[in-house]
Structure formats: structure tokens, C-alpha cells
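Chains, contacts and geometry: an overview
The lines below spell out each chain.
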Amino acid sequence: MHNEHISVLLVDDDRMIRDCVGAYLEDEGFRVHGADSGEEGLAIIAAICPTVCISDMRLPGINGEEFIIQAHSICPAACYLLHTGMPYIPSDELHAIGMTADDVLLKPVHDLSKLVNKIKHIAVAGREL
Amino acid sequence: MLQISLIAILLALLLTTLVLRARVRKRAAELEREIEIHKRTEDSLLQSEEETRVLLAVNEHLKKSLSDILDTLPSVIVRVDQDGRVDLVNLRFEQFSGISAAKAYGMLLESLIPHFSAQLQQIAEVIDRQIPASNTMIQYRNGKELNYYSLQIYPLNGEASGKAVIRIDDITEHVRVEEIMVQTEKMMMVGGLAAGMAHEINNPLGAILQHAQNIERRVSTGIPANLKAAEEVGVSLELVRAYLQKRGIFDFIGHIRTAGVRASDIISNMLQFSRCREIGVEYVDLAALLDRVLELAGTDYDMKKKYDFRRIELQRDYAADLPTVQLTVAELEQVLLNIIKNAAQAMAVPAQCRPPRISLRTGLSEGMALIEIEDNGPGMDEATRLRVFEPFFSTKEVGVGTGLGLSVAYSIVTKEHHGSIEVRSRPGEGSCFAIKLPLRRRS
């Protein structure tokens, strides 16, 4: 799959994080969208249903976990990743929608090329499902 | 006529006899009473003698009991007169001062326990004004150990008025427990702060790391958007790269990334360490665990500043085929960090002439995982070695060690993990801690 066919939604209230991860992903050719809250993220999910959605955990309104659960009900085809500063094991609800410990990215991601590989991998795996 | 007079005489005689008899009887009764009284007096005299004896015995017993009570009390108790001269001491005083009661009597108390002389100046005033005086937290270095005492002076009244009782207590343990509580609270606060701070620092750290990576990529020739932008502003990307190379800017960017990764490792180690215990047991690779603890030790502020951890040579000899061990990471980290810190502290003594070295080994022993941590520091004598796992036993200065580190380590290894921990050591030859852990945790 060509990267331009992969869309990524970044949900993080820290613009700096959206910018630096976004810039890297754009350079890779992905289509990148950003949202600074779970609520805004849900609106974008409803409109575009991205290939991959990367969400922060601590967000101003609903938290990352809650956002993913709601987003999944709107767009079950997307693959969801949590991007958080604290070690975290996905809750039972997140397990139920197929998320594992591998889908938790610990901040800061030292090398974004690994994130790119992960996005490509899950984008392909998501297709096969 | 004669007959009549004879009868009269007989009658008179009879009468007299009767009267006499009555008198005799009366007197006899009186005598009997007197004897009885005598007897009673004698009895009561005897009885009071007995009572006196009993009273004396009771008195003696009371005295003995009182002195027993005084001797049993954990406090040093001394009675002094207005001039501060000793007229009564308990056993604890003799043990404390090393002076026998017989020698102490009549002596100035100040001359017997001179390190309390400042507090003893209050004696006269206490007796004068009949108000007790209280002093706590008096520091006194008894040989190697710094001890804390409290000293109270009470005025006596009644028969012994004009005198005072002095009570001295060793409150060292109490002060230490308080210190440990403060320390524990501090650690918990630091743990909480570390977790909060880590979270706050991760985002800016992410921006530093990732933007450094973005900069590298945006001056690369592999991305079409870069070539397009260069063409638009009329520069050659190759020339830009050549310039950046010549001025060492690629190196700077590399350094920014390396520094960022290092900072992020410190944060994640701190998080690992402050992680709650309920995370539970995991299957752990001992080599990775030891490496992480070493890294943690290297970033510990105290270790860096006081013991210069980086100057210590680390020798790792990890068994290649060791299976993972089921354990609670945070707890074992605490144990290992404590032993490594102790080793670093022990080797920081000025007398250490050989280059400091810590050897870490892992292996299997009788079906259990074995971790050995050996230093080449000053080691310890047998008396110290036998006591190292005792709570509150510390060879460090007050405030440096709580004396709890190794006892907590002992309880984590033996009680929480059903393993064993022991130490081999000889003065001048360093110390070696050996921890054995079952591969699978018993529930």
C-alpha cells in the first residue's frame, strides 16, 4: 500500500507533539490530521475514518481510553494506538476491541522510523482482517 | 442460860465464817481478774513486739521493692541536694556513668556526667522555684555512635524537700524512627513527584528528539518535498548539506538526539522505580534487570556526587542460558540498587587504594537463579557481617543510612520471593552478596 493511501489522525493536546510527529509522518507521505481533544478527534473520525489513529492518554475532555472506545464504535476499521508518558496496560474494554500492550507507544518515541514501520504494518494487517 | 449463850456464840461464829468465806471468795475473784489483766498485758506486749518485727520487715521489703523498681526503670535516676551532690542513684546510673553507687555518693553530679553539665546548671533553680525543668534532644557521641538523650529535673517536696530528682533517658531509637518516618514520607513524595514530573517532561523531550530527527530528514535529498523547496528558493540541497557537514551541524544534531535519549532513559528508569507494587510479578531477564539497576545507580544524584559511580569499574559476567525469573521488578530493583549503593559507598573511603570494582554475576545454583554482587572495598569484620541484615543496624554516619536498606532487602528476598540472601566478607577483601531466587514464584 502506498503511504499516501494511509491516513493518520493524531490526537494530542500538545501542539508540539502533533507538529513533530506530524511533520515526520508527512515527510513519509502519509495523510496526517490533528485534533487537540478527544471530542474534536471523534468529529474527525466521523468524517474521514482514518487508517490509523494515535491518541494521547491525558486529554482535556474525555481521556484517550474513552476516546478510543467511542471512536471504535464509529469507525471500527481504523487501527488505534495509545501514545502515553506512563507505562500502561490496555484495559479490558480496549482488549475487547483488539488492543494489546504492543499498541501502547511510550513517550517520547526515540526513533520515529519505528513508528512509521508500525503504522505501515498495522495498515496492511488491518486490510487483511 | 449457858445454853443460850453457847448458841449465840455458835451463831456468831457461823456468821463470821460465812462473811469471811464471802470475803475470801471475793478477793480470790479479784486476784483472778488481776492475773487475767496481767496476762493480757503481757500478751499484748508480746504481740506488739511481733507487730514491730513485722512492720520492720514490711518496711525493709518496701525499701527493697522501691529500689528494685528504681533499678528496673530504663531511665537513669539520681537524687541530688541543693548543691548538686549525689545522695541516691539507681542501677542504670551506674551502668550509664560507669561509676558505682558507693563512689557516686556525695560527689557533684556534674563531675560524674560532665557532658550534661549545661543542663545540670538548672538544679538549684528547680529546687528554688519548685518548677521542673525538661531538656530533650541532647546529642552525645558515645564512641562511634551519636546518641540522643532527654534530661528532666524534678523538685522534691515533703521530707526530702530541698532536693531534686534527675531523670535521663536514651531517646536515640525514638529519634531514629522519627527520622525514618520523615525519610519514608520524603521517598514517597519523591516517587509521586517523579511520576508526575516524568509525564510533564516526556512531551518536551519528545519534541526535542523528534524534531532533531525531522531536521535531519528535511535536509536530506531523499524526500521530494525537500528538493522542491530548495529549487523554489534557488539553493542546491547538496551544497546546503556540504555546508552543514563542514560546520559540524550534523554532529550537533546527533548530539541533541543522544542527549535526548539519555534524558529519556533517566526518566523511564525513575518511572520504573516509582511504579506501584501492585503491577505484580513478571518474568524477568536478570541480565536486563541488573543493567537497568546499574544505569539507575549511575544517574542517582547522591551516587554521582559523593561516590562518583562512573569511576567504578563494572564487571558483568551474566550466564548466557539463564531462564527468566518470576519476580516483582520494582522490589528486586530496590534490593539490587541498595546493595550496589552500599558497595559504592564502601569503596568511596579514602583508604581504598585499589581501583574500585563491582562484579556482577548471574547463574543457576541448585535449581535457583543466583545473583552475586561483589565489591573490592574494605570488607567487614565478622561482628558487622552477622548484623548487616538487622533493622536499624548501620555503620554509616547518622543521616547517611537509615539502617533499614538491607533489612528491607532481606525481607523482600526471603519473604516476598521465597529466596535467600547472604553475604561473604573479610576485612580488606571486599564483600559479596549472593541472592538466590526460585525461578517460579510460589503463591
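Look a little higher up for the structure.
Sequence positions are assigned chain by chain, starting from 1 and proceeding in written order. Here chains are named by letter from A upward and ligands by number from 1 upward, in the order in which they appear as written. Per-residue local features of the predicted model are confined to residues with pLDDT of at least 70, and side-chain atom pairs are confined, for both listing and counting, to 80 or more; whole-chain, interface and lining totals are unaffected and use all residues. Side-chain descriptors were evaluated using all non-hydrogen atoms of the structure, hydrogens and water having been removed beforehand.

1. Some details on the interface of chain B and chain A
- The criterion used for residue contact is that any of the two residues' heavy atoms lie within 4.5 Å. Chain B puts 23 residues into the contact, and the matching count from chain A is 22 residues.
- Summed over both sides, the interface between chain B and chain A buries roughly 2,100 Å², with carbon and sulfur atoms accounting for 53% of that surface.
- The quantity reported as buried area is the accessible area (1.4 Å probe) lost by two parts once they are put together, taken as the sum for both. The largest contributions to the chain B side of the interface with chain A come from His199, Asn203 and Gln210 of chain B, which together make up 29% of the buried area.
- A pair is scored as a salt bridge if a Lys or Arg side-chain nitrogen falls within 4 Å of a carboxyl oxygen belonging to Asp or Glu. For the pair chain B and chain A, the interface holds three salt bridges.
- Here Asp27 of chain A and Arg218 of chain B are joined by a salt bridge, their closest N and O atoms 2.9 Å apart.
- Any N or O atom pair separated by 3.5 Å or less is treated as a polar contact, with the protein-specific requirement of one donor-capable and one acceptor-capable atom, and with residues adjacent in sequence counted only for side-chain atom pairs. For the interface between chain B and chain A, the tally reads 13 residue pairs in polar contact (both at pLDDT 80 or more).

2. Quick notes on the sheet that holds strand S7 (residues 313-317) of chain B
Residue and element names in this part refer to chain B.
- Strand order across the open sheet formed by five strands is S7-S9-S10-S12-S11, with mixed pairing between neighbours. Strands at the two margins of the open sheet, each flanked by one partner only, are S7 and strand S11 (420-425). When strand polarity is set aside, the average angle formed by the axes of neighbouring strands in this sheet is 15°.
- Pairing of S11 with strand S12 (residues 431-438) involves six bridges; the strand directions are antiparallel. From the neighbouring strand, Val423 faces S12, where its bridge partner is Phe433.
- Against the sheet, helix H11 (residues 286-299) touches S7, strand S9 (357-365) and strand S10 (368-375), its axis set at about 160° to S9. Paired strands, as defined in this entry, are two strands with at least two bridges between them according to DSSP. Secondary structure elements are taken from DSSP: a helix is a run of H or I of four residues or more, a strand is a run of E of two residues or more, and numbering for both begins at the N terminus. Only the stretch in contact is used when fitting a helix axis, every axis being a line fitted to C-alpha atoms; angles between N-to-C directions are given from 0 to 180 degrees.

3. Quick word on the pattern of salt bridges
- Under the definition given, this model contains 23 salt bridges over all chains.
- In this structure, Arg58 of chain A engages Glu200 of chain B in a salt bridge whose closest nitrogen and oxygen atoms are separated by 4.0 Å. One end of the pair, Arg58 of chain A, is in the loop between strand S3 (52-56) and helix H3 (64-74); the other, Glu200 of chain B, is in helix H7 (residues 172-218), on a second chain.
- Only protein chains enter the area calculation, which uses a 1.4 Å probe; residues under 20% of their type maximum are buried, those over 50% are exposed, and those in between are partly exposed. What makes Arg58 of chain A partly exposed here is its relative accessible area of 46%.
- Taking relative accessible area as the criterion, Glu200 of chain B reaches 53% and is therefore assigned exposed.
- Here Arg257 of chain B and Glu216 of chain B are joined by a salt bridge, their closest N and O atoms 2.7 Å apart.

4. A word on the environment of Arg18 of chain A
Residues and elements named next belong to chain A.
- Tracing the backbone shows Arg18 in helix H1 (residues 15-27).
- Since its relative accessible area comes to 18%, Arg18 is described here as buried.
- With 18 residues separating them along the chain, Arg18 and Asp36 place their C-alpha atoms 8.5 Å apart.
- Setting aside its immediate chain neighbours within four residues, Arg18 contacts Leu10, Asp12, Asp13, Ala23, Gly34, Ala35 and Asp36.

5. Things to note about the packing of aromatic side chains
- The criterion for an aromatic pair is that two Phe, Tyr or Trp rings (for Trp, the six-membered ring) have centres within 6.5 Å, with stacked assigned to planes under 30 degrees apart, edge-to-face to planes over 60 apart and tilted to the rest. In total, this model carries six aromatic pairs over all chains according to the counting rule given.
- With a centroid separation of 6.0 Å and an interplanar angle of 40°, the aromatic rings of Phe96 of chain B and Phe116 of chain B are classed as tilted. Taken together, the residues Phe96 of chain B in helix H2 (residues 91-97) and Phe116 of chain B in the loop between helix H4 (109-112) and helix H5 (117-120) connect sequence positions 20 residues apart.
- According to the relative accessible area criterion, Phe116 of chain B is buried, its value standing at 0%.
- Through a chain of ring-to-ring contacts, three or more aromatic side chains come together here, namely Phe96, Phe116, Tyr140 and Tyr149 of chain B.
- For the cation-ring pair, Arg217 of chain B lies above Tyr24 of chain A, with the distance from its terminal atom to the ring centre recorded as 3.7 Å. In this scheme, the term charge over a ring applies when either NZ of a lysine or CZ of an arginine sits within 6 Å of the ring centre and within 35 degrees of the ring normal.

6. Section: a nonpolar patch on the surface
Residues and elements named next belong to chain B.
- By definition, no residue in a patch forms a salt bridge, and every one has over 30% relative accessible area; like charges are joined within 9 Å, nonpolar side chains (Val, Leu, Ile, Met, Phe, Trp, Tyr) within 5 Å. Using the Shrake-Rupley algorithm and a 1.4 Å probe, accessible areas are obtained, with residue cover drawn only from the displayed protein chains. Together, Ile7, Leu11, Leu14 and Leu18 make up an exposed nonpolar region whose accessible area comes to about 410 Å².
- As for its placement among the helices and strands, Ile7 is situated in helix H1 (residues 2-72).
- For Ile7, a relative accessible area of 52% gives the class exposed.

7. Thoughts on H1 of chain A
All names here are of chain A.
- Multiplying one less than the number of residues by 1.5 Å gives the expected span of a helix. Helix length check: H1 (13 residues) gives 18 Å between terminal C-alpha atoms against 18 Å at 1.5 Å per residue, within 8%.
- Along H1, the residues classified as buried are Ile17, Arg18, Cys20, Val21, Gly22, Ala23, Tyr24, Leu25 and Asp27.
- With a side-chain oxygen lying 3.1 Å from the backbone nitrogen of Met16, the N-terminal cap of H1 falls on Asp14.
- Remark: Gly29 follows H1 within two positions and exhibits a positive phi of approximately 100°.

8. Topic: helix H2 (residues 38-48) of chain A
All names here are of chain A.
- Listed as buried for H2 are Gly38, Gly41, Leu42, Ile44 and Ile45. Seen from one end, H2 has its buried residues packed into an arc of 165°, which puts them on one side. Exposed residues lying more than 90 degrees from the buried face of H2 are Ala43, Ala46 and Ala47. Here the arc refers to the set of directions running from the helix axis out to each C-beta atom.

9. Concerning empty space enclosed by the protein
Residues and elements named next belong to chain A.
- In the cavity and pocket records, a cavity denotes points on a 1 Å grid over the protein atoms alone where a 1.4 Å probe fits but cannot get out, a pocket denotes an open set with protein on both sides within 12 Å along at least 5 of 7 lines, and lining residues are residues with an atom within 4 Å of a point. Grid points are joined across faces, edges and corners, and a volume is the space filled by probe spheres set on the points. With the rule as written, the count across this model stands at three cavities of 30 Å³ or more.
- Of the voids in this model, the largest cavity is the one considered here, and its volume is about 60 Å³.
- What lines the largest cavity is simply Leu10, Val11, Asp12, Ile17, Arg18, Val21, Ile54, Ser55, Asp56 and His83.
- Every element with two or more residues in the lining of the largest cavity is listed here: strand S1 (7-11), H1 and S3.
- Within the lining of the largest cavity, the residues separate by chemical class into five nonpolar, two polar and three charged. Gly is put with the polar residues, along with every residue not named as nonpolar or charged; the nonpolar set is Ala, Val, Leu, Ile, Met, Phe, Trp, Tyr, Cys and Pro, and the charged set is Asp, Glu, Lys and Arg.

10. Here's the deal with the packing of H11 of chain B against helix H13 (residues 329-347) of chain B
All names here are of chain B.
- Contact geometry of H11 with H13 gives a least axis separation of 9 Å together with a crossing angle of 55°. Taken together, the axes of H11 and H13 lie oblique to each other. As for how H11 packs across H13, the hand of that crossing is right-handed. Where H11 approaches H13, its residues Leu289, Leu290, Arg292, Val293, Leu294, Leu296 and Ala297 are matched on the opposing element by Val329, Leu332, Glu333, Leu336, Leu337 and Ile340.
- For the contact of H11 with H13, the residue count by class is 11 nonpolar, no polar and two charged. Angular relationships are summarised with four words: roughly parallel below 35 degrees, roughly antiparallel beyond 145, roughly perpendicular across 65 to 115, and oblique for the angles in between. Put simply, a crossing is left-handed when the front helix is turned counterclockwise from the back one by less than a right angle, and right-handed when it is turned clockwise.

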